[in-house]
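Understanding the architecture of this molecule
Chain by chain, the residues run as shown.
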Amino acid sequence: MGRLLLLVLVVAAAYLMWKAFGPGSAQRYGTLKQQPPARPEIKGPDDDEEFLWNIEKNRFKERRAREEAERKRREEEERRRRREEG
């Protein structure tokens, strides 16, 4: 009786292992390597990451240019003041 029970348990274990890890199990459990999602469709300029990045980059450059111009203007003003005093 013990041998028969052991045989039934081995067969049951083999069957469960086959169902869990056998052919088609990846599809059943969703473990197939999926392709990376396609780049989302761009519907307008506000959806395009590269476009938004370029806008941000251009704004940064313009701000730096204004700051640099202001700094140069202040330095020039300071030089003129020193010349007038000295």
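This is a predicted model, so every value here is computed, not measured. (Residues numbered from 1 in each chain as written. Predicted model: local features only at pLDDT ≥ 70, side-chain atom pairs only at ≥ 80, totals over all residues. Heavy atoms only, no water.)

**Regarding the overall build of the protein chain**
A tally of helices and strands in the protein chain yields three helices and zero strands. Mapped from its N terminus to its C terminus, the protein chain presents α and β elements in the order α-α-α. In terms of overall size, the protein chain is more extended than a compact globule, its C-alpha atoms giving a radius of gyration of 36 Å where 86 residues would be expected to give roughly 12 Å. Overall, the protein chain is about 115 × 35 × 10 Å in size when its C-alpha atoms are taken along their principal axes. Looking at the protein chain as a whole, 5% of its 86 residues are labelled buried. Accessible area of the protein chain: about 8,800 Å², with a carbon and sulfur share of 57%. In the protein chain, 21 positive and 17 negative side-chain charges are present, and the distance between their average locations comes to 10 Å. (Helix = DSSP H or I, 4+ residues; strand = E, 2+ residues; numbered from the N terminus. Rg over C-alpha atoms; globule rule 2.2 N^0.38 Å. Buried < 20%, exposed > 50% of the residue type's maximum accessible area, 1.4 Å probe, protein only. Areas by Shrake-Rupley, 256 points an atom, 1.4 Å probe, with all protein chains shown as cover. Lys, Arg positive; Asp, Glu negative; His and termini not counted. Charge placed at Lys NZ, Arg CZ, Asp CG, Glu CD.)

**As for the pattern of salt bridges**
Applying the stated criterion across every chain yields a total of 10 salt bridges. Between Glu68 and Arg71 there is a salt bridge, with its nearest N and O atoms 2.2 Å apart. Pair noted here: Glu68 and Arg71 are both in helix H3 (residues 49-85), with a separation of three residues, about one helical turn. Here Arg79 and Glu76 are joined by a salt bridge, their closest N and O atoms 3.4 Å apart. Of this pair, Arg79 and Glu76 are both found in helix H3, three residues apart, which corresponds to roughly one turn of the helix. Put simply, Glu70, Arg73, Arg74, Glu77, Glu78, Arg81 and Arg82 are held in one network by salt bridges that share partners. (Salt bridge = Lys/Arg side-chain N within 4 Å of Asp/Glu carboxyl O.)

**As for the side chain of Asp48**
Within the secondary structure layout, Asp48 lies in the loop between helix H2 (25-29) and H3. In terms of polar contacts, Asp48 uses its side chain to reach the backbone amide nitrogen of Glu50, at 3.3 Å. Contact partners of Asp48, with chain neighbours within four places excluded, come to Arg39 and Ile42. (Polar contact = N/O pair within 3.5 Å; in protein donor to acceptor, adjacent residues only side chain to side chain. Contact = heavy atoms within 4.5 Å.)

**Observations concerning helix H1 (residues 2-21)**
With 20 residues, H1 ought to run about 28 Å at 1.5 Å a step, and its terminal C-alpha atoms sit 28 Å apart, in line with that. Counting buried positions along H1 gives zero out of 20 residues, so the element sits mostly on the surface. (Expected span 1.5 Å × (residues − 1).)

On their own, these measurements won't tell you what the molecule is for.
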